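Coordinate inspection notes
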Amino acid sequence: MPKFTFMSIVSIAIIFITIGLGIPAVKQAKESTKIIFQDFEEEDISFSVTNNVKGSLTGEEAFAGNQSLKYEVETSGDPTIESGSISFKASEKAVDASESNYLIFHIKDTQGSNTLKVSLTDSNGQASNFEWQAVSTEKNKWIQYHVPLDSIRGIDQSSITEIRVGQWNEGIYYIDHVYFTDSLPPTPPASPETNHPSGEYHESVRIELKTKAGKLPIYYTVDGTQPDKTSQQYTRPLTITNDSTITAVTYDPDHDLYSDYSTFEYTILDKKEIIEPSFSPASGTYFNNRSISLATPTEGATIYYTLDGSTPTTAANKYTEPIDVTEDTIIKAIAVKGDYQSEEMTSEYKITNASSPFLKADGKILRNNFGAGEQVTLRGTNAGGWLVMEEWMTPIHSPDQKTTIETLTNRFGSDKAWELINLYQDHYWQESDFDQVKKEGMNVLRLPFTYFEMLNDDGSLKSTAFDRLDWFIKEAEKRELYVILDLHGAPGSQNGKDHSGDTSHPDGGNLYGHEENMQKTLFLWEKVAERYKDREWIAGYDVLNEPEGAHGNEQFEFYDQLYQAIRTIDHNHVIFFEAIWDPQDLPNPEVYIWENIAYSYHFYGWDDTDGFLYQKDFTDSKVRLVNETTNYNVPLLVGEFTLFNNIQSWDYALHVYEEQQWNYTTWTYKVTGLGSSWGLYTGEPPKVDIYQDSENEIREKWSKVGTDTSYVRNDYIADTLRNYADPSARTSDERTLITDFEGLDPKISFKTGDHAKASLDLENRSGGNASVQLVVENDSDMKEQYVSIQADKNVVWNIADKEGTFPKYLVFDVYNGTNDPQTAHITLIDQEGNEASVPTHRDTPALATAWSKVPLLLSSVEGDIDKEAIVEIRIAMEKTGVYNIDNIFIGQSFANELPEPSKEVPEPDEEDPTGEDHGGKDPDGQNPDTNDDDPAPDKNLPNRSDDKPKDKDKKDVNHGKHDPNTNLKEDSKKRLPNTATNVYNYLLIGIVCMLLGGLFYFKFRRRS
């Protein structure tokens, strides 16, 4: 064979081989690996019950096989490892779940939809935290319950021997078929449901099909046949005008799975041959112009309309496209089909060219100028406790408002009773409270009120009905604060709870199904609408707070009555409808043809109040419910919420609310209970005993309920909220960078306590290129477990609060390498050597095996130190272990953005062993390198990495690479170099070899 031919073959072979190497192999679908932990089929299963629990193997119920574990909770309560829980061991030996991603078990809950506590124990006896999980059960139905193993910490997952499960509610639960797996097995989706059950309806019925499976498509037929993915897909509510049988199915295209069929049969009485037209948008005031659409559900019908107020006939304008309205106009319309003509419908439009703060809904957001102007996000709080006293949060000993009024009336007479109540109300909320709300950067107050203030016993309006509301709205308007009027207590009570003011019917109240009380409620809202229909700073009407007394259609039909009653009078204000409790518990607004409305939810994550990971999952679950399960095209108001005591939870949730463009009002402005997470102001005013206290004692106590008199600001929470209510505050707040460890000599030494050592770490950092690693070797003396950060020569840090300004915080990022949350301890040393020590916020610990941010309110530091001349900050951690610390700064809120670094990085010297540029202050307390007129970070400064990770879902709590929800085991695998599985490496090698092969080929070709 000639040399040229041989070398050509070799060269071409090299090219094709390298091309082959460059093309990744087609990955085969990996079957999930299932590792059985327990199937409960043997007779000698090892399980243990705690106090308040019974357990047994039973054949009553089984998901698979013949038996399951029966778990019976005798009395409701928070389950612990001592009470209310059950544990069971593996079938044979310790199970290796180190390569698995999920714990799966099947559970049947006979009580309802509930979350569970779960923990795992390894063969060394180490147990993970017994924590609430995000998944809920379903009543009387076997479900597959899954627990992500990346949420299980502190144990050896290669040797799991025992699983513990806990449930709060009294009742019976069955557990079966427990195993570990690397992927979640597919399950058939939930069947479709409808808002109106099978039955007889007059003239027509409008139905919505939906499924708990979220966004999965629904297919249906109307002739009784079984649908599949080739049938009609459901996209919007259906108007049924004739007898029909609807059969529907949910389809999962990813797994080619169908749900069970759902069948709904409708009989229509008093059928209409033709349905009258509807208008969209409905009557109201609009800015500049508006396009109006007309429609009828009657197929084949033609719509005729007039614009001059005259009666439409078939000789009038024929509707073919939306009507542009540029001036005040009355549209009248009819629908015609053959010999049939519908009723005449009328809609009136007013057009204004004057700018106004008046809000209307525009899709999922609110806009001023009657819905045509700028987007307005409502950010504020509730005026809770003012017009509705609740014993737990206001200075009173009484079960409810109704009892308070009746008891004081019986003791002192009606006039005196209301005189005392007015005394309380005069002091509880004052003009200064509006000023403070405005100072906090908020733009809205949700005002809870009840019928007690407004209606007589016979349902007629009191002469003083609007005294309080008028004053409140007027004062809010002066400060350009919006007001949401919230009916917290309707006649009879819509829920039977103390916050409705009436607990006389504790099981749901006495509103629903009680026609007299329903009519009183309708009448009250008609009077409210008449009085306030033109008030620009009223954001809307929250028609019923937490209407727990009814669900589904019963609740929705009364909502519709309220909507129609208000819209007859007030065409323009937003109407808020509340869910009990989640988005799927409200109907698609298109079913009732509601317009200019908003949906309101109250978000309270009760299962683990101060656990950040739980609260994060809770918040994330609401996003999925809003965006995937329902995705209604209406604005959203989180009308009540608290994130309890963990400031990381507040920061994360508020960030999500902002990202989702949700409106929000915290519960609440002020509460009794010093330091309570429920109030922006908290205190311990003297409580009135309505049964025992004399008139003078009541007067004295209730004259001391003013915010300035008996309450103090809840700084940690208030300042975090302030940075979201007024987003500009995140950068306009006074901030001083202590250090971000950028630009330092890698060999730099740090001063530490005797039980610790520290070094610069270029691998594990919150953001930028470096952090300091602190290794605590012995945790017997907190004073020796620190790393020291020292100010430069002739520089001090001023941590003192200035009069009339918001307080200061020390904020920094910590990577906690231990398996338990840890609190940092801070020691501050002034230039005279005086020192004071204090822990960081106890309820906001450094997260285990993750980066997180921790705060210290500097006004909480007590001791004989000069706060204007701090020269050293020592950061100590509680337990032995490895920690990293980064981005240390002084700010005025946990939510502050990191300030700019100083412009020079000095070299380390003997007197300054850290060698850091701390961004400190001169001895007079001023920032030497900070321009007070321009507080925004300068991105062009040297030694600053402005491309620090800023993942929108994590950046406020976890600034860098370490998300607390990261699967650390999987993440560690990803960081290993592995060119055998790296497509980009293959391609790079292939391209280089192709070039070499080509050169080789042409070289020998020329020689030949």
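Residues numbered from 1 in each chain as written. Predicted model: local features only at pLDDT ≥ 70, side-chain atom pairs only at ≥ 80, totals over all residues. Heavy atoms only, no water.

Re the environment of E344
Inclusion rule: Numbered from the N terminus, helices here are DSSP runs of H or I no shorter than four residues, and strands are runs of E no shorter than two. Each residue is placed in one exposure class: buried if its accessible area under a 1.4 Å probe, protein chains only, is under 20% of its type's maximum, exposed if it is over 50%, and partly exposed if it falls in between.
Locating E344 in the fold gives a position in the loop between β29 (340–341) and β30 (345–352). According to the relative accessible area criterion, E344 is partly exposed, its value standing at 33%. Distance in space between the C-alpha atoms of E344 and A333 is 5.7 Å, their sequence separation being 11 residues.

Describing helix α6 (residues 467–478)
Put simply, the test is: Take the residue count of a helix, subtract one, and multiply by 1.5 Å to get its expected span. Working definition: the arc comes from the directions between the helix axis and the C-beta atoms, pointing outward to the latter.
The terminal C-alpha atoms of α6, which comprises 12 residues, lie 17 Å apart, in line with the 16 Å expected from a rise of 1.5 Å per residue. All of the buried residues in α6 are R468, L469, F472, I473, E475 and A476. Projection of α6 onto a plane perpendicular to its axis shows the buried side chains occupying an angular sector of 165 degrees, all on one side. Remark: E480 follows α6 within two positions and exhibits a positive phi of approximately 55 degrees.

Let's talk about the sheet that holds strand β49 (residues 786–790)
Formally: At least two bridges found by DSSP between two strands are what make those strands a pair. Only C-alpha atoms enter the line fits that serve as axes; for helices the fit covers just the stretch in contact. Angles between N-to-C directions range over 0 to 180 degrees.
The sheet built from 4 strands is open, its strands ordered β49-β54-β51-β52 with antiparallel pairing. What marks the edges here is a single partner per strand, and that holds for β49 and β52 (835–839). Taken over all neighbouring pairs, the strand axes of this sheet differ in orientation by 20 degrees on average, direction set aside. Direction of pairing for β49 relative to strand β54 (residues 870–877): antiparallel, over a ladder of 5 bridges. Within β54, the position partnered with Q790 by the bridge is E872.

A short note on the confidence of the model for the chain
Filter applied, for reference: Confidence of the predictor at the level of single residues is given by pLDDT, which spans 0 to 100. Residue contacts are counted whenever heavy atoms from the two residues lie within 4.5 Å of one another.
Confidence along the chain averages 88 in pLDDT terms, with 86% of residues attaining 70 or more. Scored below 50 in pLDDT, residues 903–987 makes 185 contacts in the model with residues more than four places away or belonging to other chains.

Regarding a negative patch on the surface
Definition in use: Patch construction takes residues with relative accessible area above 30% that form no salt bridge. Like charges are linked within 9 Å, and nonpolar side chains (Val, Leu, Ile, Met, Phe, Trp, Tyr) are linked within 5 Å. Method for areas: the Shrake-Rupley scheme with a 1.4 Å probe, in which residue coverage is limited to the protein chains shown. A carboxyl oxygen of Asp or Glu within 4 Å of a side-chain nitrogen of Lys or Arg is what we treat as a salt bridge. His is not counted, nor are the chain ends, whereas Lys and Arg count as positive and Asp and Glu as negative. A charge is said to be at NZ when it belongs to Lys, at CZ for Arg, at CG for Asp and at CD for Glu.
Residues E42, E43, D44 and E92 make up a contiguous surface patch of negative charge. Topologically, D44 is positioned in the loop between β1 (34–38) and β2 (47–49). The exposure class assigned to D44 is exposed, which follows from its relative accessible area of 64%.

Notes on unusual backbone geometry
At the junction of S280 and P281, the peptide bond is cis and its omega measures out at -5 degrees in the coordinates. Within the secondary structure, P281 sits in the loop between β22 (278–280) and β23 (284–287). Cis peptide bonds are those with omega within 30 degrees of zero, and the linkage from W667 to T668 qualifies with 5 degrees. Checked against the element boundaries, T668 lands in the loop between β41 (663–666) and β42 (670–672). With a phi angle near 50 degrees, D270 is a residue other than glycine that sits in the positive phi range.

A few points about the pairing of strand β55 (residues 881–891)
For β55, the buried fraction is high: 10 of the 11 residues fall into the buried class. Two elements, strand β46 (residues 736–739) and β55, share 3 bridges in a ladder whose sense is antiparallel. Across the sheet, residue T736 finds its bridge partner in β55, namely I890. Both strand β48 (residues 771–776) and β55 contribute to a ladder of 5 bridges, which runs antiparallel. When the bridges of β55 are listed, Q773 appears paired with N884. Where strand β50 (residues 809–816) meets β55, 7 bridges bridge the pair, whose relative direction is antiparallel. Residue pairing across strands places Y809 opposite G891, the latter belonging to β55.

Some words on the packing of aromatic side chains
Definition in use: Here a Phe, Tyr or Trp ring, Trp counted by its six-membered ring, pairs with any other such ring whose centre lies within 6.5 Å, and the pair is stacked when the planes are under 30 degrees apart, edge-to-face when over 60, and tilted otherwise. Distance and angle both matter: a charge sits over a ring if NZ of Lys or CZ of Arg is within 6 Å of the ring centre and within 35 degrees of the ring normal.
One pass over the full model with this rule turns up 52 aromatic pairs. Between Y71 and Y173, the ring centres sit 5.6 Å apart and the planes meet at 35 degrees, which makes this aromatic pair tilted. Of the two residues, Y71 sits in strand β4 (residues 68–73) while Y173 sits in strand β11 (residues 171–181), which places them 102 residues apart along the sequence. Ring pairing ties together the aromatic residues Y601, F603, Y614, F618, F641, W650, Y657, W662 and Y664, which thus form one cluster. Sitting over the ring of F806, K439 keeps its end group 5.5 Å from the ring centre. Its end group placed over the ring of Y724, R730 keeps NZ or CZ at 4.2 Å from the ring centre.

Here's the deal with the packing of helix α4 (residues 414–428) against helix α12 (residues 695–702)
The following threshold applies: Angle categories: roughly parallel below 35 degrees, roughly antiparallel above 145, roughly perpendicular from 65 to 115, and oblique for all the rest. A clockwise turn of the near helix away from the far one marks a right-handed crossing, whereas an anticlockwise turn of less than a right angle marks a left-handed crossing. By the convention adopted, Pro, Cys, Tyr, Trp, Phe, Met, Ile, Leu, Val and Ala count as nonpolar, Lys, Arg, Asp and Glu as charged, and the other residues, Gly among them, as polar.
Running from amino to carboxyl end, α4 crosses α12 at an angle of 15 degrees, the nearest separation of the two axes being 9 Å. When the interaxial angle is binned, α4 and α12 end up roughly parallel. α4 and α12 meet at a crossing whose hand is right-handed. In this structure, α4 uses K416, E419, L420, I421, L423, Y424 and H427 to contact α12, whose residues at the interface are E695, I698, R699 and W702. Here the residues of the contact of α4 with α12 are counted per class, giving 6 nonpolar, 1 polar and 4 charged.

Focus: the packing of helix α7 (residues 515–532) against helix α8 (residues 552–569)
The interhelical angle for the contact between α7 and α8, taken along N-to-C directions, is 30 degrees, at an axis separation of 9 Å. One way to sum up the angle between α7 and α8 is to call them roughly parallel. Both α7 and α8 take part in a crossing whose hand is right-handed. Within the contact between the two elements, α7 uses M518, T521, L522, W525, E526, A529 and E530 and α8 uses F558, Q561, L562, A565, I566 and I569. Residue composition of the contact of α7 with α8, by class: 9 nonpolar, 2 polar and 2 charged.

Here's the deal with the environment of W702
Its location among the elements puts W702 in helix α12. Sequence spacing of W702 and P395 is 307 residues, and the spatial spacing of their C-alpha atoms is 8.0 Å.

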